[in-house]
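As a plain string of letters, each chain reads:
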Amino acid sequence: MDADCSPVGLYFWPVVAVVTCIKLLLMPTYRSTDFEVHRNWLAITHSLPESKWYYDETSEWTLDYPPFFAWFECALSYGAELFDPAMLIVDNLNYASKGTILFQRLSVIGADLVFICAVKEFCSTLPGKKNKNEDLLSQPAFTLTLLLIGNFGLLIVDHIHFQYNGFLFGIMILSITRITQGRNLDGALWFAILLNFKHIYLYIAPAYFIYLLRCYCFTQANRDGSVRWSSLSLGRLVMLGSIVIAVFAVSFGPFIYMGQLEQILSRLFPFKRGLCHAYWAPNFWALYNVVDKALSTAGSRFGVISVNASTASMTGGLVQEFDHTVLPSIPPVITLICTVLSIMPAVYNIWRYPRGPKSFLRCLTLCAYGSFIFGWHVHEKAVLLVIIPLCLRKQAQVYILLSTVGHYSLFPLIFTSAETPIKVCLMMMYCILTFMCLGSLYRTTKKNSMVSILPRLQKLYLLGFIHLYIICEILLPLMPFTKKYEFIPLMLTSVYCAIGVLWSWLQLYRITLSDTTKLQVKQD
Amino acid sequence: MPDKYGNVLRFRLPTTHCLPQLADRINPEWVELHKSRGIETYAHKLYMRSTVLVADLLIYIPAVVLYCYITLKDKTPSYRLLSSAVILLYPGLMLIDHGHFQYNCISLGLTLWAIIGMLSGRELLGSMAFVLALNYKQMELYHALPFFCFLFGRCVQLEKKAGLWKLIKIGCVVIVTFLLCWLPFLGDFNLASQVLHRLFPFSRGLFEDKVANFWCSLSVVVKLKNIFTQQSWVFMTFYFTMIFHFPSCIHLLFKPSTENFKAALVNSSLIFFLFSYQVHEKSILLPALSVCLLLPRKPFFCLWFLIMSTFSMLPLLIKDGLVLPYTVTMLLFLITTCYVMDTNTWKLAVFENPPTEILKSVMTFSSAGFIQAWFYVCLIEIGILSWLSVFKAPPPKYPDLWPVIISVFCCLHFLAFLVYFHIEQFFGEHCETLKAKGTKSD
């Protein structure tokens, strides 16, 4: 391909270099307990034989990712040896020497190379420049590069909080790219590998399953677009199945051989946790909790119900579990049913009206949405699982709303005062970039301002975040009575964000379903 | 870190009198004169750091943005914004202010406001801002001569009466601002002389540590400190500094154009840095600021100079544990400058169209390709020397080996830059005059 017309322009590597520099600068910042989690895993995988990996309980942070991730840590540990061998001793709990920090931070930055390559791969599937003099901002590939590689959430979660999400999302994007290119088997292979790195991606597995079954295994459709049952290609089904099974066999096989499957599964899926994480992720259950709280407060004030002190003192979820006082408590099964119900329309849609890779990406995003909103014990970090695939799609309005809301909801992750300016500045930069890039891509006329692609109500809602920040981080901590109610800022944040997440979800559903009706009208 | 106590002892700075008072509100322990030495709690650090950040936000950053806005009128708005971003990314100032901890952004910011005043024709406000900068940090004397020559030259150019009247007005503004700043110390002669004494510590040595200036580099070969007494060194350095100032200052005096003014600022502060008495390595920030102002027009040489200037402070940065930020900000600056500044101009625009015959003959002597190659060699050398001084211990016989090499290496380059910026001032064809010609012919 001619270098001038290729969609991945000359800007790509400078953008990567600048973002990498920012990542390097974040090295000395605050790091959460996840840093120790990964140090411990390095130590376990390096010093113990495989048979003991999933049994070791020296640290409270036991290994609870699938085997590929354990192997990944094992591979990293050989590099770690060069920096500081002491970090590889299992009993060296909370060990954080300079060499350890340097190595772990660098390993995240290095692993991000997978993400960067995946983004490059995806961008090369986009339409390139139409003419040579086209403005950078009007090229979709440039916008995508900027928004993905400089993603605020990934910077915060990976490079301050400490995790390896960039690397994992890289594999996800690679798999999505392969499917959009029509290389379904490659896509399935990468996704199976991804699942064996981190099982949270099971959330989006329904989209893969249905799409591959419908569009790869069934080769023909009836005239109205519904599936022709007789066209099932057994050969393709077997191919697909054997690829997936082979990957799982490589990953879990040795452990099954050692008879440890049950132990691993109990590590991977701990159902002992509560409905919501310590800090409520901005989802449906956050709203549910607040309604319950409000009802119980109101009820006890008017004397309708008697609330004993222990259940009422809900400290914003500092305790892992609490019982709802007025509304019924939620068992895991209910969340599962809600999740399945919430993704049903999306899955049915792709089954009934498959329109190639575009509808696949749409279904995948909706699956991620559904499990984030209704899932059991969802972490606030899981919002990235929605934001990143949504970024790949051409839904500027929904993306602006969700990325602002979702990224803001990550603020409580970084609570130290030295990092506050960093997170606020990075967030503002990312918002400005999002508005600028998407604004210039999608505005209808030249004169339109950048935010004009948003409806008025949404603009007001987004402006509300500035007030929310001032109230939660500045005004409330200054008030004398808030010592008693430390959870109020967190609760306000997660409720306000939950509204935005649900709103953007409904918006996306509306767009998806209305597109389908349009299609139906066309066919008639 | 002298500025750690600066908050307590900074009585010389009436302009920042409010800072300790604010600290007093938050936690009175921080400002108790003798007890507060060495306090370094998390909250106190955070407070001190945020004061620099706020000063930066209030004074330096708006000045840079405004400067780019008014001087790059012929470029697109996004280019103006991007070039101000590049100037703000200059690693030297960032590392010293926010890493080493100093308040240079205030004095440099005020100077920049003064320069903006001069360039936009508001000479009275400009001179007031410069006097404030001077009273904030006496180091701003490095920039004083071009200001004087520029203003004086402008006044002389005017009609006799108007010129005299303007001169009187400027003089009054300067004197009144000075008086206001010194008001608290004027009542007592002893106090005032004590303040002066602290400002100009002639009793200290010719240079401190290893500085990339002329005397320090020369003393590698000749033991200068033994040749003359300290007293005579004060006069020697003063004499040399003044002599070297003549060309650029006289030129500015007779041709007080804004472009000449900017070039003279570079020349004057660089001469001060290279030849004056008692120079700190951090003083390179003063010439660096003036070079930053030329960066959007002459990206290649300015980028080169700015990188060298940051590199010259490396031993200090290593002492402060700022190796990682140093490396990263240098790379960031290099990448962004190369990318933002028009790639055509950054490939040695000066050499493609040599403006005058004299320059042309100089150019044939040292071809553009040679200089460009030298730039890359220089970058590699910077990389190697940085790596050596961070990771390799010097031979025990010469414990100062790396700092000495760095300072001599940088000094030689600074001398070459001095020549270049003089050529630029004398012969460089300036955009301003070009534009003026263009509009006239229209």
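All values reported here derive from a predicted model rather than from experimental measurement. (Residues numbered from 1 in each chain as written. Chains lettered and ligands numbered in written order. Predicted model: local features only at pLDDT ≥ 70, side-chain atom pairs only at ≥ 80, totals over all residues. Heavy atoms only, no water.)

Student: Whenever I open this one, the overall build of chain A confuses me. Can you help?
Tutor: Of the regular secondary structure elements, chain A holds 21 helices and zero strands. Put simply, 76% of the contacts in chain A that link residues at least 6 apart link residues at least 24 apart. (Helix = DSSP H or I, 4+ residues; strand = E, 2+ residues; numbered from the N terminus. Contact = heavy atoms within 4.5 Å.)

Student: Help me out: how do you make sense of the overall build of chain B in this one?
Tutor: If you tally the helices and strands in chain B, you get 24 helices and zero strands. Each of the 442 residues in chain B was classed as buried or not, and the buried ones make up 50%. For chain B, the share of sequence-separated contacts (at least 6 apart) that also reach a separation of at least 24 residues comes to 75%. Within the structure as shown, chain B displays about 21400 Å² of accessible surface, and the carbon and sulfur contribution to it stands at 70%. (Buried < 20%, exposed > 50% of the residue type's maximum accessible area, 1.4 Å probe, protein only. Areas by Shrake-Rupley, 256 points an atom, 1.4 Å probe, with all protein chains shown as cover.)

Student: Looking at this model, I keep getting lost on the interface of chain A and chain B. Mind explaining?
Tutor: It is common to give the size of an interface as the accessible area lost on bringing the parts into contact. Contact residues are listed per partner, giving 14 residues for chain A and 10 residues for chain B. The contact between chain A and chain B buries some 1000 Å² in all, and 87% of this surface belongs to carbon and sulfur atoms. The largest contributions to the chain A side of the interface with chain B come from A:Val18, A:Cys21 and A:Leu25, which together make up 39% of the buried area. Our count for the chain A to chain B interface comes out at zero salt bridges. For the pair chain A and chain B, the number of links is one residue pair in polar contact (both at pLDDT 80 or more). (Buried area = accessible area lost by both parts, 1.4 Å probe. Salt bridge = Lys/Arg side-chain N within 4 Å of Asp/Glu carboxyl O. Polar contact = N/O pair within 3.5 Å; in protein donor to acceptor, adjacent residues only side chain to side chain.)

Student: Explanation requested: the confidence of the model for chain A in the structure shown.
Tutor: Fine structural detail should not be taken from predicted coordinates in areas where pLDDT scores are low. Per-residue pLDDT for chain A has a mean of 83; in total, 86% of the residues score no lower than 70. Confidence drops under a pLDDT of 50 for residues 1–5 of chain A, and excluding neighbours within four residues, the segment shows six contacts in the predicted structure. (pLDDT = per-residue confidence, 0-100.)

Student: Just checking my understanding: could you explain unusual backbone geometry for this structure?
Tutor: Apart from glycine, the bulk of residues carry a negative phi angle, and the bulk of peptide bonds sit in the trans form. With a phi close to 90°, A:Phe162 is a non-glycine residue in the positive phi region. With respect to the secondary-structure elements, A:Phe162 resides in helix α7 (residues 152–162). Judged by its relative accessible area of 0%, A:Phe162 is buried. With a phi angle near 55°, B:Gln278 is a residue other than glycine that sits in the positive phi range. Judged by relative accessible area, B:Gln278 falls into the buried class, the value being 9%.

Student: Just to check I follow, could you spell out the packing of aromatic side chains for this structure?
Tutor: Describing an aromatic ring pair means giving the distance of the ring centres and the angle of the ring planes. All names here are of chain B. A complete count under the given rule lists 69 aromatic pairs over all chains for this structure. With 5.7 Å between their ring centres and 90° between their planes, Trp304 and Phe417 make a pair best called edge-to-face. Of this pair, Trp304 sits in helix α16 (residues 299–312) while Phe417 sits in helix α23 (residues 401–427), placing them 113 residues apart in sequence. As far as the burial class goes, Trp304 and Phe417 line up, both buried. Arranged with centres 5.1 Å apart and planes meeting at 65°, the rings of Tyr420 and Phe421 form a pair that is edge-to-face. Exposure class is identical for Tyr420 and Phe421. Each is buried. Ring-pair connections join several aromatic residues into one group, and the members of that group are Phe273, Phe300, Phe301, Trp304, Phe305, Phe375, Tyr376, Phe414, Phe417, Tyr420 and Phe421. Between Arg80 and the ring centre of Tyr69, over which it is positioned, the NZ or CZ distance is 4.8 Å. (Phe/Tyr/Trp six-rings, centres within 6.5 Å; stacked < 30°, edge-to-face > 60°. Lys NZ or Arg CZ within 6 Å of the ring centre and 35° of its normal.)

Student: What's the story with helix α10 (residues 189–199) of chain B in this structure? I'm lost.
Tutor: Note: α-helices contain 3.6 residues per turn, so residues at a spacing of three or four share the same orientation. Residue and element names in this part refer to chain B. Burial in α10 covers these residues: Ala192, Val195 and Leu199. Mapping the buried residues of α10 onto a view down its axis gives an arc of 60°, with all of them on the same face. Exposed residues on α10 whose side chains face more than 90 degrees from its buried face are Phe189, Asn190, His197 and Arg198. Buried residues belonging to α10 abut α9 (160–186). (Arc of directions from axis to C-beta.)

Student: Help me out: how do you make sense of the pattern of salt bridges in this one?
Tutor: Opposite charge on two side chains permits them to pair, given that their charged atoms come into close proximity. Within this structure, the stated rule accounts for 12 salt bridges over all chains. In this structure, A:Arg267 engages A:Glu57 in a salt bridge whose closest nitrogen and oxygen atoms are separated by 3.9 Å. In this pair, A:Arg267 is assigned in helix α12 (residues 261–268) and A:Glu57 in the loop between α3 (50–53) and α4 (67–83), connecting sequence segments 210 residues apart. Through salt bridges that share partners, B:Glu123, B:Arg154 and B:Lys166 make up one connected network.

Student: Just to check I follow, could you spell out helix α17 (residues 384–391) of chain A for this structure?
Tutor: Of all eight residues making up α17(A), eight are buried, and the element is well covered by its neighbours. What α17(A) keeps buried is the set A:Leu384, A:Leu385, A:Val386, A:Ile387, A:Ile388, A:Pro389, A:Leu390 and A:Cys391.

Student: When you look at the nonpolar core in this model, what are you seeing that I'm missing?
Tutor: Taken as a class, soluble globular proteins show a tendency for nonpolar side chains to be buried jointly. Core analysis: the biggest nonpolar cluster contains 155 residues, and A:Tyr201 and A:Tyr369 have the highest contact counts within it. The element best represented in this core is helix α16 (residues 356–374) of chain A, accounting for 11 residues. With residues up to four places along the chain from it excluded, the contact list for A:Tyr369 reads A:Val386, A:Leu390, A:Val398, A:Leu402, A:Val501, A:Ser504, A:Trp505 and A:Leu508. Membership of the second largest hydrophobic core comes to 113 residues, among which are B:Val64, B:Leu112, B:Leu224 and B:Leu295. (Core = buried A, V, L, I, M, F, W, Y, C linked by side-chain atoms within 4.5 Å.)

Student: Which parts of the structure should I look at to understand the environment of B:Ala133?
Tutor: Residue and element names in this part refer to chain B. Here Ala133 is to be found in helix α7 (residues 123–136). Classification of Ala133 by relative accessible area gives buried; the value is 0%. Setting aside its immediate chain neighbours within four residues, Ala133 contacts Ser107, Leu110, Thr111 and Glu140.

Student: When you look at the side chain of A:Asn165 in this model, what are you seeing that I'm missing?
Tutor: Examined against the element boundaries, A:Asn165 turns out to sit in helix α8 (residues 165–180). For A:Asn165, the residues in contact, after removing those within four places along its chain, are A:Leu154, A:Val157, A:Asp158 and A:Lys198.

Student: I'm lost on the environment of A:Val114 in this one. Help?
Tutor: Residues and elements named next belong to chain A. Checked against the element boundaries, Val114 lands in helix α5 (residues 98–123). Note on Val114: relative accessible area 30%, which makes it partly exposed. In this structure, the C-alpha to C-alpha distance between Val114 and Leu174, residues 60 residues apart in sequence, is 8.9 Å.

Student: Is there a simple way to explain the packing of helix α6 (residues 104–119) of chain B against helix α14 (residues 258–275) of chain B in this structure?
Tutor: Each pair of packed helices can be described by the angle between their axes along with the distance between the axes. Residues and elements named next belong to chain B. Interaxial distance between α6 and α14 falls to 10 Å at its minimum, and their mutual angle equals 155°. In terms of axis orientation, α6 runs roughly antiparallel to α14. Regarding α6 and α14, the two cross each other, and that crossing is right-handed. Every residue of α14 that contacts α6 at Ile115, Met118 and Leu119 is listed here: Thr258, Phe261, Lys262 and Leu265. Across the contact of α6 with α14, the residue classes tally to five nonpolar, one polar and one charged. (Axes fitted to C-alpha atoms, helices over the stretch in contact; angles between N-to-C directions. Parallel < 35°, antiparallel > 145°, perpendicular 65-115°, else oblique. Left-handed = near helix turned anticlockwise from the far one by under 90°. Nonpolar A, V, L, I, M, F, W, Y, C, P; charged D, E, K, R; others polar.)

Student: How should I be thinking about a nonpolar patch on the surface in this particular structure?
Tutor: Residues and elements named next belong to chain A. Taken together, the side chains of Leu457, Leu460, Leu463, Ile466, Ile470, Ile471, Ile474, Leu475, Leu478, Met479 and Leu492 define a hydrophobic patch exposed on the protein surface, amounting to about 1000 Å² of accessible area. Sorting elements by how many residues they give to the nonpolar patch places helix α20 (residues 456–478) first, with nine residues. Checked against the element boundaries, Leu478 lands in helix α20. A residue is classified by how much of its surface remains accessible, and Leu478, at 68% relative accessible area, is exposed. (Patch = residues over 30% accessible without salt bridge, like charges linked within 9 Å, V, L, I, M, F, W, Y side chains within 5 Å.)

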